[in-house]
Amino acid sequence: MWSDFSHASSAARDAMLLGILDSCCMRQLTTVHRAIAPNMRMDIVGMLPVELSLRVLQYLDARSLCRAAQVSHAWARLANADEVWHRMCLQHIDKKCSKCGWGLPLLTRKRKRRCVSDPAGASAAAAASALASVEQRRREGSVAPAATAAPAVSNLPTGSARSVAATPASCAGQMPVISSIPVSALLNPSSAGDLSDDGAESEDGSAYHPAAKRFKPSSAQAAGAAVPAAPAAAARQLARASSVASTAVRGTTPGPAGAPASSSSVSTDLLLDLNDPLSRRSRRNWKGVYAERLIVGRNWRQNNCVVFPLVPPTASLQPRITACHLDEPYLMTSAMDGLVRLWNLETRTCVQTLAGHRGAVTCVHFDESKCLALSGGMDGTVKIWNYSTGACVRSLSGGHAVPVTALHFDGGVLASADAASLIRVWDFEAKSCFSLCHGNMCPVTRVVLCKGYLYSAGEDGVVRMWDLNTRGCIRTFAPEAADPVPGTAPAITGLHVANVHVNGGHAVYVLTGSADGRLHLYNATAAAAANVPSSSSPVVVAPILSRNHGAPVTSVWFDSLRILSCGTDGLVHLWDQDSGDRIRSYTVGGSAGVVTGSDTRIVCAREDGVVHVWDFGRRA
């Protein structure tokens, strides 16, 4: 019988099986079902090649991917793969997804900069840990041994290590493109921690750092015996660590005797290991990156935030705040009392006070690369500060004969403006300085540097776009179709320029707020790309979005997802960047003077000196 069945055709086999099933009772049908049920279970994802399985999983949303990871260990390895979640991050982070309409924050400033010097008398355990890291790197060949005698520990300049460790990484407004992952890495994932957050570099594209090697103890240490170090030997060890640290501060690694120093690519890493054990880089997967931003994005949508004020520690009479600049996690404010204050938003305390201006300070800005701060005041000077020590590094005087009203620093170029319509551009790398005139003999209220162009706004109601190479005005941004007549347009009191995601690419947007309560958004990239004869006058660019705040606007800010505006009515309005719809409003209890923000916070300073902070980065 079995030989007849095996030699029969497919149609004959089907007829035989149907006949057998028709003659079976319920008990026999149950036996047949139990026999064929395991054979009918097919794992389609497991049967496909890994590349095709990943391609299929890339069409799922985040919720479906999390459910797929719970099916089996094999599915979890595929559903948690970096290739799948990297695509998810590209669709949502710093822009709105075209499919679901969600947008997640970028979070480029996660590294906590340490501006306050470490307390004297570090523990021997910390020194031994730092020395062990240095020795391990030297044995692995990452750091060349010093060729000359090492300087004393006390010769290490205070704040030098801090200035390098404080250098924040930047994504340039987009998530990085990573290389393909080997199949072996997907089938045998590493055991590195997924949700550790030790620095911005791990978020900005260094997603495949190898796991940090553990220091192998000596045989005596492995056996549990104590290995005391003599005081002289300990001093020599600390001197050697200081030599390597000072070499890393200079950015070079000494070569053999008589050979010139060569650049070192691990100097920053070494300094981070010496100064802060928590700053060592670790591997993060893209699912952890997405999950962290999903929590923050959900807090923004559901208005889950922690609200707290910042009040000057001294001061019975709180001075009016004139400007502020946020560089996570630090906030710098300037006031009418001539002081610049540096706040730590994590500890909610004032960590530094900078004094030196003769009169009120009108504008401040962080130098994001060298741990410096810049301020301009009513005395007509621009001062550069080392906010780690509170010392004034340099004072730029003589450039302005009247009060400085605005300044901005970007890429080694400083732009400062005053109340006489004069704009000074200082190029520190080229060691040159030149002047521009905003026009109409009106005070310049804001200046911004972005992508090689300078944007200036004044009380004449016009924003001008300057080419720093030709030193000429190439565009004019105004709400009307023509350049307004001086004295007829409302003064521009708020200006912000940023490079944002637009339709799968990037564009420079200009946001203005004026004394008549109007907000105007312009596309500077499209305006600069327009073909206009060089001999013609500057072209007037019309806004792509206009909204009404409801009261005179005092300050504006925006990013790829949202717009912030504050006014004399004491309200901070949160707007959707794409549609221009107002999402919600916040009350500060007084006339709002300055507003700024980040991926996780809204900061608004009242004119009476109190700063209000809305923190959306906390878990609800």
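**Side note on the packing of aromatic side chains**
Then, in step 1: For the structure shown, the criterion picks out seven aromatic pairs.
Then, in step 2: For the ring pair Phe 409 and Phe 428, a centre distance of 6.1 Å and an interplane angle of 45 degrees mean the geometry is tilted. In this pair, Phe 409 is assigned in strand E12 (residues 404–410) and Phe 428 in the loop between strand E14 (422–427) and strand E15 (432–437), connecting sequence segments 19 residues apart.
Then, in step 3: When the ring of Tyr 586 is compared with that of Trp 614, the centres are 5.3 Å apart and the planes differ by 50 degrees; the resulting orientation is tilted. Here Tyr 586, found in strand E28 (residues 582–587), pairs with Trp 614, found in strand E31 (residues 611–615); they are 28 residues apart in sequence, far enough to count as distant.
Then, in step 4: Among the aromatic side chains, those forming a connected cluster through ring pairs are Tyr 455, Phe 477 and Tyr 522.
Then, in step 5: One residue, Arg 348, lies across the ring of Phe 308, its end atom 4.1 Å from the ring centre.
Then, in step 6: When the ring centre of Trp 300 is taken as reference, the NZ or CZ atom of Arg 562 above it lies at 3.9 Å.

**So, the environment of Val 364**
Then, in step 1: Tracing the backbone through its elements, the reader meets Val 364 in strand E8 (residues 361–367).
Then, in step 2: Using a relative accessible area of 6% as the deciding quantity, one classes Val 364 as buried.
Then, in step 3: Each C-alpha atom of the pair Val 364 and Ala 406 lies 8.1 Å from the other, and the pair is 42 residues apart in sequence.
Then, in step 4: Those residues in contact with Val 364, other than ones at most four positions away along the chain, are Ala 323, Cys 324, His 325, Met 332, Ser 334, Val 340, Leu 374, Ser 375 and Leu 407.

**Let's talk about a positive patch on the surface**
Then, in step 1: On the surface, Arg 63, Arg 67, Arg 298 and Arg 301 cluster together into a patch of positive charge.
Then, in step 2: By the element assignment, Arg 298 lies in helix H15 (residues 286–302).

**Observations regarding the sheet that holds E31**
Across a sheet, paired strands are connected by hydrogen bonds in the backbone, their directions being either parallel or antiparallel.
Then, in step 1: The antiparallel open sheet is built from four strands, whose spatial order is E3-E31-E30-E29. Across the chains shown, the open sheet's two edge strands, defined by having one partner strand only, are strand E3 (306–310) and strand E29 (592–597). Taking the axes of each pair of neighbouring strands and ignoring which way they run, one obtains an average angle of 15 degrees across the sheet.
Then, in step 2: Judged from the five bridges that link them, E29 and strand E30 (residues 601–606) form a sheet pairing that is antiparallel. Bridge pairing in E30 links Ala 592 to Arg 606.

**Here we look at the confidence of the model for the chain**
Then, in step 1: Mean pLDDT for the chain: 74, with 68% of residues reaching 70 or above.
Then, in step 2: Taken together, the stretch residues 110–130 has pLDDT below 50 and engages in 41 contacts with residues farther than four places along the chain or on a different chain.
Then, in step 3: Taken as a whole, residues 241–281 scores under 50 in pLDDT and shows 78 contacts with residues more than four places along the chain or in a different chain.

What counts, and where the lines are drawn
Residues numbered from 1 in each chain as written. Predicted model: local features only at pLDDT ≥ 70, side-chain atom pairs only at ≥ 80, totals over all residues. Heavy atoms only, no water. Phe/Tyr/Trp six-rings, centres within 6.5 Å; stacked < 30°, edge-to-face > 60°. Helix = DSSP H or I, 4+ residues; strand = E, 2+ residues; numbered from the N terminus. Lys NZ or Arg CZ within 6 Å of the ring centre and 35° of its normal. Buried < 20%, exposed > 50% of the residue type's maximum accessible area, 1.4 Å probe, protein only. Contact = heavy atoms within 4.5 Å. Patch = residues over 30% accessible without salt bridge, like charges linked within 9 Å, V, L, I, M, F, W, Y side chains within 5 Å. Areas by Shrake-Rupley, 256 points an atom, 1.4 Å probe, with all protein chains shown as cover. Salt bridge = Lys/Arg side-chain N within 4 Å of Asp/Glu carboxyl O. Lys, Arg positive; Asp, Glu negative; His and termini not counted. Charge placed at Lys NZ, Arg CZ, Asp CG, Glu CD. Pairing = 2+ DSSP bridges. Axes fitted to C-alpha atoms, helices over the stretch in contact; angles between N-to-C directions. pLDDT = per-residue confidence, 0-100.

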